[in-house]
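A closer look at the structure
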Amino acid sequence: MSTAGVAGFIDLSECQQALELRGYLKQLGAEISEENSEQGFTYDLFKVIDASDVIWKQTAEIEAEALLNSIISLILIIPPDQLDEIVVAFVEKVVKGDKYTTLKLKMLSNLFNGLEERSQLRYNVYCSLLTVAGSSHNIGNVETSLSKIKKWIGLWNLSPEKVQNLYRLLYEALLQNDVGEVATRVMIEMLSTFTEDNASQARSEAHRCIVSCIADPSILILDNLLALKPVKFLEGELIHDLLTIFVSGKLQQYEQFYQQNTDFVNSLGLVHDANLQKMRLLTFISMAENKREIHFDAVQQEIKLSADEVEGFIIDVVRTKKGSV
């Protein structure tokens, strides 16, 4: 059977299409009967999907696309109450495909868009899209807008555990694609879904989020982290003490903390000089709040720089619009 034959499946009944797919997969070397079973169309399609590994090994990309689209078209005519296992099985086969990354993303997107807008199975497909896009550095081909994802979460009526899993996968995919700033926003969103009862489950994520926010020179407002339940769970630990300094402390407090906990700060992967620079900036911003003017000597004393260095520091603050003078 040719690829043209696959594309022409639309002219056949679903049972005939399943039969044609069985025969074609058999020709490719799949261990599958060429005859449909007596257990019905859904069972036959499941067997086709189970044997679809050969598509990734034995066909050219254009041929693989035609075959996979044929399978998707059959999946989408199955009654919703029979879809779960079929969709999960197909998605697993696509994710495990050992080549044609762009095609994998395209097929998962086709299935995602073909499912009903409120179908919870879209969650399964979207998570798989994130897995493939993350590992292949193709996150730009997947929707990652938090506003859109929040809308989907509402439509799919997901459990808190599934919401948290989705955000974790999105966070990891963004990090794999070097989109750290967006990843941090996703992590904060994920941490906001926890309650006092289950905050301990996100202890490591809260720790990681604090470090990311401190390390990011563009993030100057960190007090929103203190309200997150998993961050509150860390109260009394050094990482929470460090965060509190970056929220409301001054340069001198950070220097004292670093002197007493040098190994701890270094173990976080944070750069001391970068921390100093950020704390100087935060200290300066704190001094400038609600004041029309600040004495030069006071600035020099608080941020511990020479007169020449202070002038350059203030020029940099104004130039980068990190503060106002």
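All of these numbers come straight from a predicted model, not from anything done at the bench. (Residues numbered from 1 in each chain as written. Predicted model: local features only at pLDDT ≥ 70, side-chain atom pairs only at ≥ 80, totals over all residues. Heavy atoms only, no water.)

**Re the packing of helix 3 (residues 41-50) against helix 5 (residues 61-75)**
Between helix 3 and helix 5, whose axes approach to 11 Å, the crossing angle comes to 150 degrees. Classified by the interaxial angle, the pair formed by helix 3 and helix 5 is roughly antiparallel. Between helix 3 and helix 5 lies a crossing of left-handed hand. In contact with Phe41, Leu45, Val48 and Ile49 of helix 3, helix 5 contributes Ile71, Leu74 and Ile75. Classifying every residue of the contact of helix 3 with helix 5 gives seven nonpolar, no polar and no charged. (Axes fitted to C-alpha atoms, helices over the stretch in contact; angles between N-to-C directions. Helix = DSSP H or I, 4+ residues; strand = E, 2+ residues; numbered from the N terminus. Parallel < 35°, antiparallel > 145°, perpendicular 65-115°, else oblique. Left-handed = near helix turned anticlockwise from the far one by under 90°. Contact = heavy atoms within 4.5 Å. Nonpolar A, V, L, I, M, F, W, Y, C, P; charged D, E, K, R; others polar.)

**Re the packing of aromatic side chains**
This structure, assessed with the given rule, holds eight aromatic pairs. Centroid distance Trp56 to Tyr100: 6.5 Å. Interplanar angle 45 degrees. Geometry classified as tilted. In this pair, Trp56 sits in helix 4 (residues 53-58) while Tyr100 sits in the loop between helix 6 (83-96) and helix 7 (101-114), placing the two residues 44 residues apart along the sequence. Each member of the pair, Trp56 together with Tyr100, is buried. Geometry around Phe112 places Arg122 over its ring, the cationic atom sitting 4.2 Å from the centre. (Phe/Tyr/Trp six-rings, centres within 6.5 Å; stacked < 30°, edge-to-face > 60°. Buried < 20%, exposed > 50% of the residue type's maximum accessible area, 1.4 Å probe, protein only. Lys NZ or Arg CZ within 6 Å of the ring centre and 35° of its normal.)

**Let's talk about the side chain of Asn177**
Note that Asn177 resides in the loop between helix 10 (160-176) and helix 11 (180-191). Owing to a relative accessible area of 15%, Asn177 belongs among the buried residues under this scheme. A distance of 3.4 Å separates a polar atom in the side chain of Asn177 from the backbone oxygen of Gly134. The contact partners of Asn177, leaving out residues within four places of it in the chain, are Ala133, Gly134, His137, Asn138 and Ile139. (Polar contact = N/O pair within 3.5 Å; in protein donor to acceptor, adjacent residues only side chain to side chain.)

**Let's talk about the nonpolar core**
Counting residues in each nonpolar core, the largest one holds 99 residues, and the members touching the most others are Ile75 and Tyr126. Top contributing element to this core by residue count: helix 8 (residues 121-135), with nine residues. Counting eight residues, the second largest nonpolar core, distinct from the first, contains Phe284, Val299, Phe313 and Val317. (Core = buried A, V, L, I, M, F, W, Y, C linked by side-chain atoms within 4.5 Å.)

**Quick notes on helix 3**
The α-helix advances 3.6 residues per turn, and as a result positions three or four apart in sequence lie on the same side. All of the buried residues in helix 3 are Phe41, Asp44, Leu45, Val48 and Ile49. Burial along helix 3 is one-sided: seen end-on, the buried residues are contained in an arc of 140 degrees. For helix 3, the elements touching its buried residues are helix 2 (14-27), helix 5 and helix 6. (Arc of directions from axis to C-beta.)

**Observations regarding the packing of helix 5 against helix 7**
Closest axis-to-axis distance for the helix 5/helix 7 pair is 10 Å, and the angle between their directions is 20 degrees. Considering their axes alone, helix 5 and helix 7 lie roughly parallel with respect to each other. Crossing handedness for the pair helix 5 and helix 7: right-handed. Where helix 5 approaches helix 7, its residues Glu61, Ala64, Glu65, Leu68, Asn69, Ile72 and Ile75 are matched on the opposing element by Leu103, Lys106, Met107, Asn110 and Leu111. Looking at the contact of helix 5 with helix 7 residue by residue, the classes come out as seven nonpolar, two polar and three charged.

**A look at the confidence of the model for the protein**
Per-residue confidence for the protein averages 88 on the pLDDT scale, and 87% of its residues sit at or above 70. Looking at the elements of the protein, mean pLDDT is at its lowest for helix 1 (residues 3-7), recorded as 40, and at its highest for helix 14 (residues 229-232), recorded as 98. Every residue in residues 1-8 scores below 50 in pLDDT, and together they form eleven contacts with partners more than four places removed in sequence or on other chains. (pLDDT = per-residue confidence, 0-100.)

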